[in-house]
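Notes for the structure review
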Amino acid sequence: MATEALHENETLASLKSEAENLKGKLEEERAKLHDVELHQVAERVEALGQFVMKTRRTLKGHGNKVLCMDWCKDKRRIVSSSQDGKVIVWDSFTTNKEHAVTMPCTWVMACAYAPSGCAIACGGLDNKCSVYPLTFDKNENMAAKKKSVAMHTNYLSACSFTNSDMQGCDKKAMVWDMRSGQCVQAFETHESDINSVRYYPSGDAFASGSDDATCRLYDLRADREVAIYSKESIIFGASSVDFSLSGRLLFAGYNDYTINVWDVLKGSRVSILFGHENRVSTLRVSPDGTAFCSGSWDHTLRVWA
Amino acid sequence: MSSRASASTLQCLVEQLKLEAGVERIKIPQAAAELQQYCMQNACKDALLVGVPAGSNPLQEPRSCALL
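A few points on the structure.

What counts, and where the lines are drawn
Residues numbered from 1 in each chain as written. Chains lettered and ligands numbered in written order. Predicted model: local features only at pLDDT ≥ 70, side-chain atom pairs only at ≥ 80, totals over all residues. Heavy atoms only, no water. Helix = DSSP H or I, 4+ residues; strand = E, 2+ residues; numbered from the N terminus. Buried < 20%, exposed > 50% of the residue type's maximum accessible area, 1.4 Å probe, protein only. Areas by Shrake-Rupley, 256 points an atom, 1.4 Å probe, with all protein chains shown as cover. Contact = heavy atoms within 4.5 Å. Buried area = accessible area lost by both parts, 1.4 Å probe. Salt bridge = Lys/Arg side-chain N within 4 Å of Asp/Glu carboxyl O. Polar contact = N/O pair within 3.5 Å; in protein donor to acceptor, adjacent residues only side chain to side chain. Nonpolar A, V, L, I, M, F, W, Y, C, P; charged D, E, K, R; others polar. 1 Å grid on protein atoms, 1.4 Å probe; cavity = no way out; pocket = protein on both sides within 12 Å on 5 of 7 lines; lining within 4 Å. Points joined across faces, edges and corners; volume = space filled by probe spheres on them. Pairing = 2+ DSSP bridges. Axes fitted to C-alpha atoms, helices over the stretch in contact; angles between N-to-C directions. Expected span 1.5 Å × (residues − 1). Arc of directions from axis to C-beta. Core = buried A, V, L, I, M, F, W, Y, C linked by side-chain atoms within 4.5 Å.

What follows is about the overall build of chain A. Helix and strand counts for chain A stand at 2 helices and 23 strands. Counting the 305 residues in chain A, one finds 50% classified as buried. Counting every atom, chain A has about 14,200 Å² of accessible surface; 48% of that belongs to carbon and sulfur.

Dropping the structure here:
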């Protein structure tokens with residue numbers, strides 16, 4: 001019995017040291033290829049000029065914090081969800097509300113527009129993801145047609161119609177292979193919780209926004225962080241990030257009510273946008289890249305261009 | 001009992017780390033150059049970057065109010 005316990009302890013110890021060795025080797029391998037940062041490679045790229053981006057539309061109607069939003073493929077409609085339990089579909093050009101659904105729970109933390117434009121998905125503290133087909137028939141009760149598509153053991157924090165293969169998990173960003181269900185790469189350079197991750201348009205990299213007040217860019221093929229977007233004057237967490245169409249600009253919404261626009265290649269901030277009167281909780285660039293929308297705890301959404 | 005559980009957890013961690021260590025990597029200058037190239041190639045299509053001709057973005061048009 002005593003010899004068995006001894007054997008188990010030895011196995012544990014040897015496994016622990018193997019794990020430590022591998023971690024060290026991983027760091028070494030990554031460091032070997034790290035001889036230069038992205039902004040150094042991009043030194044000769046022309047700097048961006050002054051940006052004039054303004055709020056073009058303000059969408060008012062939610063009774064509480066806006067938690068999530070998504071664009072429809074038609075580049076015009078927006079779905080948003082709020083702590084007031086409502087999910088609203090807006091026409092961003094006219095600011096008209098086209099549909100409104102009241103969820104049985106408050107804190108609708110996630111919503112998404114179907115690629116077909118014919119349905120929306122949402123969920124939150126009800127632990128479910130529900131899909132609502134959109135109908136313009138005033139006699140039809142949208143809530144009656146809802147379908148539950150997933151039951152989770154805890155609240156739904158994000159949902160998307162296209163397979164989202166990334167997950168911000170505490171300070172770690174993990175990349176998953178959807179076919180094998182395995183984590184193939186993990187990045188842990190943020191100093192605090194990651195709130196948002198978004199793929200670079202080419203798919204070869206992704207950006208993350210974190211409570212440590214920085215946004216970072218990770219290249220998947222170099223398997224490394226290649227840029228940090230931060231300023232000493234920015235001390236509040238970044239809640240949501242998204243790229244412009246070409247990937248040159250990174251828009252990030254912060255808990256200090258502002259949106260910072262970063263030059264992805266040079267690592268510098270090109271613009272700071274004011275307007276929201278509370279935390280920016282969600283941010284998405286439109287499908288054709290002509291505008292972006294931000295949602296905030298100030299109950300409104302703003303469309304910028 | 002608990003040592004067996006932590007042994008299997010560690011075993012999984014070791015396997016996962018081996019997988020991550022075996023990932024093929026390219027050098028940063030090459031990766032960075034490719035990111036930059038993508039930006040440059042698509043810059044002209046990026047409305048938020050280069051702007052659009054006046055009048056072609058419905059959001060930028062001043063909205064008319066009809067006085068009824």
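Picking up where we left off.
Per the secondary structure count, chain B includes 3 helices and 0 strands. Secondary structure elements in chain B, listed N-terminal to C-terminal, are α-α-α. Here chain B, with 68 residues, has 32% of them falling under the buried criterion.

Taken together, the 61 residues of chain A in the interface contact 42 residues of chain B. Counting each side, the surface lost to burial between chain A and chain B is near 4,600 Å², with a carbon and sulfur contribution of 68%. For the pair chain A and chain B, the interface holds 3 salt bridges. For the salt bridge of Glu18 of chain A with Lys18 of chain B, the shortest nitrogen-to-oxygen distance reads 3.4 Å. For the pair chain A and chain B, the number of links is 10 residue pairs in polar contact (both at pLDDT 80 or more). If you list the elements that add at least two residues to the side of chain A that touches chain B, you get helix 1 (2–32), helix 2 (38–41), strand 1 (55–60), strand 12 (182–187), strand 15 (215–219), strand 16 (224–229), strand 18 (249–254) and strand 23 (300–304) of chain A. Among the elements that line the side of chain A that touches chain B, the one with the most residues is helix 1 of chain A, at 11 residues. Residue composition of the side of chain A that touches chain B, by class: 34 nonpolar, 12 polar and 15 charged.

Moving on, we get to the layout of surface pockets. Size it by volume and the second largest pocket reaches roughly 530 Å³. Elements that contribute at least two residues to the lining of the second largest pocket include exactly helix 1, strand 11 (172–177), strand 12 and strand 16 of chain A together with helix 1 (2–21) of chain B. In terms of residue class, the lining of the second largest pocket is built from 9 nonpolar, 3 polar and 10 charged.

This part covers the pattern of salt bridges. Residues and elements named next belong to chain A. Overall, the coordinates contain 14 salt bridges over all chains when judged by the stated rule. The shortest N-O distance in the salt bridge between Arg216 and Glu225 comes to 3.0 Å. In this structure Glu225 comes out as buried when scored by relative accessible area, which is 16%.

All names here are of chain A. Across the sheet, which stays open at both edges, the 4 strands sit in the order 1-23-22-21 with antiparallel pairing between neighbours. In this open sheet, the two edge strands, each paired with only one partner strand, are strand 1 and strand 21 (280–285). Direction aside, the axes of adjacent strands within the sheet are offset by 20° on average.

Attention shifts here to the pairing of strand 13 (residues 194–199) of chain A. Pairing between strand 13 of chain A and strand 14 (residues 205–210) of chain A: 5 bridges, direction antiparallel. Residue pairing in the sheet places Val197 of chain A in a bridge with Ser208 of chain A of strand 14 of chain A.

We now examine the sheet that holds strand 3 (residues 77–82) of chain A. All names here are of chain A. Taken in spatial order, the 4 strands line up as 2-3-4-5 in an open sheet, and their pairing is antiparallel. Among the strands making up the open sheet, the edge pair consists of strand 2 (66–71) and strand 5 (97–102). The mean inter-strand angle of the sheet, taken between neighbouring strand axes irrespective of direction, is 15°.

Relative to the 21 Å expected for 15 residues at 1.5 Å per residue, helix 2 (residues 28–42) of chain B spans 21 Å between its end C-alpha atoms, a close match to the ideal helical length. All of the buried residues along helix 2 of chain B are Ile28, Ala31, Ala32, Leu35, Gln36, Cys39 and Asn42 of chain B. The buried residues of helix 2 of chain B occupy one face: seen down the axis, they fall within an arc of 145°. Packed against the buried residues of helix 2 of chain B are helix 2, strand 14, strand 15 and strand 16 of chain A.

Take the nonpolar core next. Across soluble globular proteins, nonpolar side chains have a tendency to be buried as a group. Formed by 29 residues in total, the largest nonpolar core has its most connected members in Leu38, Cys215, Leu217, Tyr229 and Leu250 of chain A. When contributions to this core are tallied by element, the ones reaching two or more residues are strand 14, strand 15, strand 16, strand 17 (238–243) and strand 18 of chain A together with helix 2 of chain B. For this core, the leading source of residues is helix 2 of chain B, giving 5 residues. Each residue touching Leu250 of chain A, except ones within four places of it in the same chain, is listed here: Ala207, Cys215, Tyr229, Val241, Asp242, Phe243, Asn260, Val261, Trp262 and Val264 of chain A. Within the second largest apolar cluster, 16 residues are counted, among which are Phe51, Met53, Val280 and Leu283 of chain A.

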